[in-house]
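# Notes for the structure review
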Amino acid sequence: MNVPASSPNPTGSGRGVRPLLGQSVFVTNGKQWERQRRIIDPALEGGRLRETFPALHAAGAAAAGRIARLADGRPFDIEPEASHAAADAIFRTLFSIPIEDHTATAVFEAFRQHQRTQPLLNLAAFVPLPSWFPRFHRWRTLATARKIRRLIGGLTRDRAKAIEEGTAPDDLATKIMTTRDPLSGERFAWQEMVDQVAIFFLAGHETSASALSWALWLLAAHPEWQDRAAAEAMAYDDSFAGLGKLRVCRDVFREALRLYPPVPMMVREAACPQTFRGRAVARGAQIVLSPWHLHRHERIWTEPDRFDPGRWNTEDGRHCAREAYLPFSRGPRVCPGAGFAMVEGPLFLALLLRRIRFHVDETRLPVPVAHLTVRGRDGIWLRGTPRS
Ligand code: HEM
């Protein structure tokens, strides 16, 4: 199943995102989007991930330290911890700064305030409204969006200067800002880079945090799989090459992405009249694609509601992965951070499981709800104990 680029992503007309995301790759379409992807994609290619790995590992190790301090047998909500870890991963890999950095903390806090002001984390923010519908952004949403962009703008301007002076670190921001579009030879102006940093931060930390939280909850609920993943984690040598041996952690993470796809639905607009599964689709019609439903389809998957990381090593599982698995979407508009996320997820699981045994809090079972990503309605509560 492919999601064609010729079907525009109508997110740009959604109400909640413009003030924050500007002309970022997530909201643009057509030639502008193509040019942006030509500049962004090379920075996240497989080979480049090796260079990003030390920063990602440092973020995972810091998260393991923080969460180990909570592992005293009492319940805690894993979601804010996972958000913290994923935000740290983005700051360290993009700008070579940890979340404790003054500006990084301020951006993280401003994002939290922004989400509290409503539309961004609400799916309705992404669903296009009819053209007659009045579009207003609550003043507080506008104010937090401006604050985030001012902070990111500072980081990006400083980086542009460091690149000119030849003192910039070799991280993702430098890679993206120094990459020329192979067709036009142009680079991102710093203003356009602010838009891209905003979407990297949003798309890269909310999604990963959701996946990590559900993966840990599933492991807590399935101690036999947790033991297998932990045994593998104990043997992990902390290298980039060693990631290939984290097979159970990878399959657990893939299974979490299947059962709780962080992006539960996507919207596309038909660019021309077409027929889809025998039905006429008019030009301009909105098409909703739902990984949530597809991943749990009873006619496609064997025991779709069962957590079974082992399915990924069966012919049936591999077939379903090709035909009916799209946690990162598919086609030209596929998530450019998919490779990054598939390194980050299994790595963070391994680093956490080495130090902590996770248990379900039987009094508070999580209820999944679709915000911008799939989150627990009242959080995702776990208990942790130190792993000796
Ligand atoms: C488990 C983690 C992740 C999941 C499940 C995920 C999922 C997705 C999905 C489904 C889309 C397509 C949305 C749509 O078309 O409506 C998307 C787009 C995107 N993602 Fe990810 N993502 C993840 C992590 C990341 C990371 C780590 C980054 C950056 C480092 C990233 C950057 C982006 C960007 C920039 C787009 C917009 C691409 C475009 O429209 O051309 N994502 N992601």
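Check the entry above for the structure.
Figured I'd write up the structure that's included with this text. (Residues numbered from 1 in each chain as written. Predicted model: local features only at pLDDT ≥ 70, side-chain atom pairs only at ≥ 80, totals over all residues. Heavy atoms only, no water.)

### Quick notes on the overall build of the chain
When helices and strands are counted, the chain shows 13 helices and 9 strands. In the chain, which comprises 388 residues, the share counted as buried stands at 53%. Counting every atom, the chain has about 17400 Å² of accessible surface; 55% of that belongs to carbon and sulfur. (Helix = DSSP H or I, 4+ residues; strand = E, 2+ residues; numbered from the N terminus. Buried < 20%, exposed > 50% of the residue type's maximum accessible area, 1.4 Å probe, protein only. Areas by Shrake-Rupley, 256 points an atom, 1.4 Å probe, with all protein chains shown as cover.)

### Concerning the site of the ligand
Around the ligand sit 24 residues in total, of which W33, R37, R268, R333 and C335 are the nearest. Note that an oxygen atom of the ligand is positioned 2.7 Å from one of the side-chain N or O atoms of W33. Within the side chain of R37, a nitrogen or oxygen atom sits 2.8 Å from an oxygen atom of the ligand. Taken together, the elements giving at least two residues each to the shell around the ligand come down to α2 (30-40), α8 (190-221), β2 (266-269) and α13 (338-355). Sort the elements by how many residues they give to the shell around the ligand and α8 lands first, with 5 residues. (Near = heavy atom within 4 Å. Polar contact = N/O pair within 3.5 Å; in protein donor to acceptor, adjacent residues only side chain to side chain.)

### Topic: α13
Count 3.6 residues to each turn of an α-helix, and residues three or four apart come out pointing the same way. Its 18 residues give α13 an end-to-end C-alpha distance of 26 Å, which sits within 8% of 26 Å, the value for a rise of 1.5 Å per residue. With respect to burial, α13 is a largely interior element, 14 of its 18 residues being buried. (Expected span 1.5 Å × (residues − 1).)

### Quick look at the packing of α2 against α8
One way to put it is that α2 packs onto α8 with a least axis distance of 13 Å and a crossing angle of 75 degrees. With respect to each other, α2 and α8 are oriented roughly perpendicular. Here R35, Q36 and I40 of α2 lie close against α8, whose contacting residues are E192, Q196 and F200. Taken together, the residues of the contact of α2 with α8 sort by class into 2 nonpolar, 2 polar and 2 charged. (Axes fitted to C-alpha atoms, helices over the stretch in contact; angles between N-to-C directions. Parallel < 35°, antiparallel > 145°, perpendicular 65-115°, else oblique. Contact = heavy atoms within 4.5 Å. Nonpolar A, V, L, I, M, F, W, Y, C, P; charged D, E, K, R; others polar.)

### Concerning the nonpolar core
Within the largest apolar cluster, 109 residues are counted, with the highest numbers of intra-cluster contacts made by L349 and F358. Looking at which element gives the most residues to this core, the answer is α8, with 18 residues. Those residues in contact with L349 that lie beyond four places of it in its chain are L212, A215, L216, L219, C249, V252 and F253. (Core = buried A, V, L, I, M, F, W, Y, C linked by side-chain atoms within 4.5 Å.)

### Brief notes about the packing of helix α4 (residues 78-95) against α13
Where α4 contacts α13, the axes come no closer than 12 Å and their chain directions differ by 130 degrees. It follows from the interaxial angle that α4 and α13 lie oblique. Viewed along their axes, α4 and α13 form a crossing whose handedness is right-handed. In contact with A85, A86, A89, I90 and T93 of α4, α13 contributes F340, E344 and F348. Residue composition of the contact of α4 with α13, by class: 6 nonpolar, 1 polar and 1 charged. (Left-handed = near helix turned anticlockwise from the far one by under 90°.)

### Some thoughts on the side chain of E232
Following the sequence through the fold, E232 ends up in helix α9 (residues 223-235). Ignoring anything within four residues of it in the chain, the contact list for E232 reads K245, L246, R247, V248 and C249.

### Some points on the packing of aromatic side chains
By convention here, two paired aromatic rings are described through the distance between centres and the angle between planes. Evaluated as defined, the whole model comprises 9 aromatic pairs. Taking 4.5 Å as the distance between ring centres and 45 degrees as the angle between the ring planes, the aromatic pair formed by F111 and F201 counts as tilted. With F111 in helix α5 (residues 102-116) and F201 in helix α8, the pair connects residues that are 90 residues apart, well separated along the chain. Each member of the pair, F111 together with F201, is buried. Seen in terms of ring centroids, Y260 and W292 are 6.0 Å apart; in terms of plane orientation they differ by 70 degrees. Their pairing is edge-to-face. (Phe/Tyr/Trp six-rings, centres within 6.5 Å; stacked < 30°, edge-to-face > 60°.)

### Re the pairing of strand β9 (residues 381-386)
With 3 bridges joining them, strand β1 (residues 75-77) and β9 adopt antiparallel strand pairing. Its bridge partner being in β9, F76 is matched across the sheet by L382. The pairing of strand β6 (residues 356-360) with β9 spans 5 bridges and is antiparallel. Pairing of V360 across the sheet is with L382, part of β9. (Pairing = 2+ DSSP bridges.)

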